[in-house]
Amino acid sequence: MPTTAPVLRPLTIGRHQVWPPVVLAPMAGITNVGFRQLCREQGGGIYVCEMITTVALVERNPKTLRMIAFGADESPRSLQLYGTDPETTAAAVRIVVEKDLADHIDLNFGCPVPKVTRRGGGAALPWRRRLFARLVRAAVDAASPAGVPVTVKMRKGIDDDHLTYVEAGLAAQEAGVAAVALHGRTAAQRYSGTADWDAIATLKQALDVPVLGNGDIWEADDALRMVAHTGVDGVVIGRGCLGRPWLFADLEAAFAGRTERRLPNLGEVAVTMRRHAELLVDQFTAGARNPARGERDGCTDFRKHVAWYLKGFPIGSELRRALAMIDTLAQLDDLLGKLDPAVPFPVETLGQPRGRTNSPGKVFLPDGWLASRDDDTVPEGAELDDSGG
């Protein structure tokens, strides 16, 4: 197997050395225990659980507490928090530290959805630079006594006329974060267009702490191109792994300087699908009073992944529809048995966007939000009580 020297050094996040320098982005309804284990079986990195809201954690919301779950061998345990109030954020971080819930905390300043930005949260919050700095500092101060590193993930800004990423990155570095991740889009872009890798390069040049790049990494070779273009210390993978957990095997090979890439045939994809569904059933069955209900819930959770796994394969609509309606593993086994395992991987789908795609749109903001960058008042009603996004 041809090899060269590793492309990058291990990623340093506080006391954690991460190899390869790859982070799975938290995705609502996706990055649960089962999916993270499936991805970890492919390759190394940091695998972040679904987003947890600070107020829900502080109020001990039962659903939120169930979402903070990690595999027995998952290390480091990575948790993303969303919050807008420095005091509530500090209280949530103290709970994470005191209860030993995670080894790494990431702060969400990248969410572009209207229900978040119209309250001043997510990608809107860095515009209020004093509030942003206070919140990040509060999280770092609460986590640092236990040696738990804090990182931030953000976008370029609200739109092209209201960019914040360099100033916010410097403020986060001053507050003591271990790393900064940048999605090279504005909130107004949502998931449309092309990620701005030049902006990621600019941020890398401005900061001393590690910088991670996010956006338009659909293949392992895209990650290598991003590193060459921007000089980043690692990459963040979101939609690119949907229906393709083996992307993490490709990334590990790429960063080690190896050239092999996986192009699984339909039979191999079916085996991965079965493994994914099994892990979800195990997750939902654990601790459940009714195992049958756990199996049904796990299979229901799996349904959303079917279209991503089968993208580009020549499979009839009736079989696709049946696979997306399973209630049991036995039903899944029966339907997967109807697939032709010899069908080759559809190479025409390589490098193509996966998951959410949409058009640019207006960013909804609280009244007067853009009027003052130095107002550090906590936006009213911005705290969300539901975790996951």
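Every value quoted in this text rests on a predicted model; they were computed, and no experiment measured them. (Residues numbered from 1 in each chain as written. Predicted model: local features only at pLDDT ≥ 70, side-chain atom pairs only at ≥ 80, totals over all residues. Heavy atoms only, no water.)

> Sorry if this is basic, but what is going on with empty space enclosed by the protein here?
In this approach, a probe sized like a water molecule rolls over the atoms, and the result shows the empty space that is left. Applying the stated rule across the entire model yields three cavities of 30 Å³ or more. Each pocket or cavity is described by its volume, and for the largest cavity that value is around 110 Å³. Together, 14 residues line the largest cavity, and Val23, His104, Asp106, Thr151 and Leu212 are the ones closest to its centre. Mapped onto the lining of the largest cavity, the elements with two or more residues apiece are β7 (104–109), β8 (150–155) and β9 (179–183). When residues in the lining of the largest cavity are grouped by element, the largest group, three residues, is from β8. (1 Å grid on protein atoms, 1.4 Å probe; cavity = no way out; pocket = protein on both sides within 12 Å on 5 of 7 lines; lining within 4 Å. Points joined across faces, edges and corners; volume = space filled by probe spheres on them. Helix = DSSP H or I, 4+ residues; strand = E, 2+ residues; numbered from the N terminus.)

> Would you mind going over the layout of surface pockets with me for this structure?
Of the pockets and cavities examined, the largest pocket occupies roughly 660 Å³. For the largest pocket, the lining is made up of 34 residues, of which Pro26, Met27, Ala28, Tyr191 and Arg356 are closest to its centre. At the level of secondary structure, the elements contributing two or more residues to the lining of the largest pocket comprise β8 and β11 (234–237). Class assignment for the residues of the lining of the largest pocket results in 16 nonpolar, eleven polar and seven charged. (Nonpolar A, V, L, I, M, F, W, Y, C, P; charged D, E, K, R; others polar.)

> Is there a simple way to think about the environment of Arg262 in this case?
Tracing the sequence through the fold places Arg262 in the loop between α10 (247–255) and α11 (266–285). As a C-alpha pair, Arg262 and Leu279 span 17 residues in sequence and 22 Å in three-dimensional space. What Arg262 contacts, discounting residues up to four positions off in sequence, is Gln42, Trp246, Ala249, Asp250 and Glu268. For Arg262, the side chain forms a polar contact with the side chain of Gln42, separated by 3.4 Å. (Contact = heavy atoms within 4.5 Å. Polar contact = N/O pair within 3.5 Å; in protein donor to acceptor, adjacent residues only side chain to side chain.)

> Explanation requested: the sheet that holds β8 in the structure shown.
As a general point, the strands of a sheet are linked pairwise by backbone hydrogen bonds and lie either parallel or antiparallel. Pairing is parallel across the open sheet formed by nine strands, whose spatial order is β4-β3-β11-β10-β9-β8-β7-β6-β5. Here the strands that pair on one side only, and so sit at the sheet edges, are β4 (46–47) and β5 (52–53). With four bridges joining them, strand β6 (residues 78–82) and β7 adopt parallel strand pairing. Each residue of the ladder has a partner; that of Leu81, found in β7, is Leu107. (Pairing = 2+ DSSP bridges.)

> Help me out: how do you make sense of the UniProt feature "binding site: FMN" (unreviewed entry) in the protein chain in this one?
According to UniProt, the positions carrying the feature "binding site: FMN" (unreviewed entry) are Pro26, Met27, Ala28, Gln80, Lys153, His183, Gly238 and Arg239. Lining the largest cavity, from the set of annotated residues above, are Pro26 and Lys153. The topology assignment puts Gln80 in strand β6. Other than its neighbours up to four places away in sequence, Gln80 contacts Pro26, Val48, Glu50, Met51, Ile52, Asp106, Leu107, Asn108 and Lys153. Assignment of secondary structure puts Arg239 in the loop between β11 and α10. A residue is classified by how much of its surface remains accessible, and Arg239, at 10% relative accessible area, is buried. The residues touching Arg239, leaving out its near neighbours within four places in the chain, are Met27, Arg185, Tyr191, Asp216, Trp218, Arg354, Gly355, Arg356 and Thr357. (UniProt positions renumbered as here; feature names shortened; annotations may be inferred. Buried < 20%, exposed > 50% of the residue type's maximum accessible area, 1.4 Å probe, protein only.)

> Even after reading the chapter, I still don't get the domain arrangement of the protein chain, so can you show me in this structure?
When the parts of a complex come together, some accessible area is lost, and that lost area is often taken as the interface size. Along its sequence, the protein chain is carved into domain 1 (11–256) and domain 2 (266–349). Here the C-alpha centroids of domain 1 and domain 2 sit 29 Å apart. A buried area of about 1200 Å², summed over both sides, lies between domain 1 and domain 2, and 66% of it is on carbon and sulfur atoms. Where domain 1 meets domain 2, there are one salt bridge. For Arg275, the salt bridge identified is with Glu41, shortest N-O distance 2.5 Å. Here domain 1 is connected to domain 2 by five residue pairs in polar contact (both at pLDDT 80 or more). The class makeup of the residues in the side of domain 1 that touches domain 2 is seven nonpolar, five polar and two charged. (Domains from an automatic or database assignment. Buried area = accessible area lost by both parts, 1.4 Å probe. Salt bridge = Lys/Arg side-chain N within 4 Å of Asp/Glu carboxyl O.)

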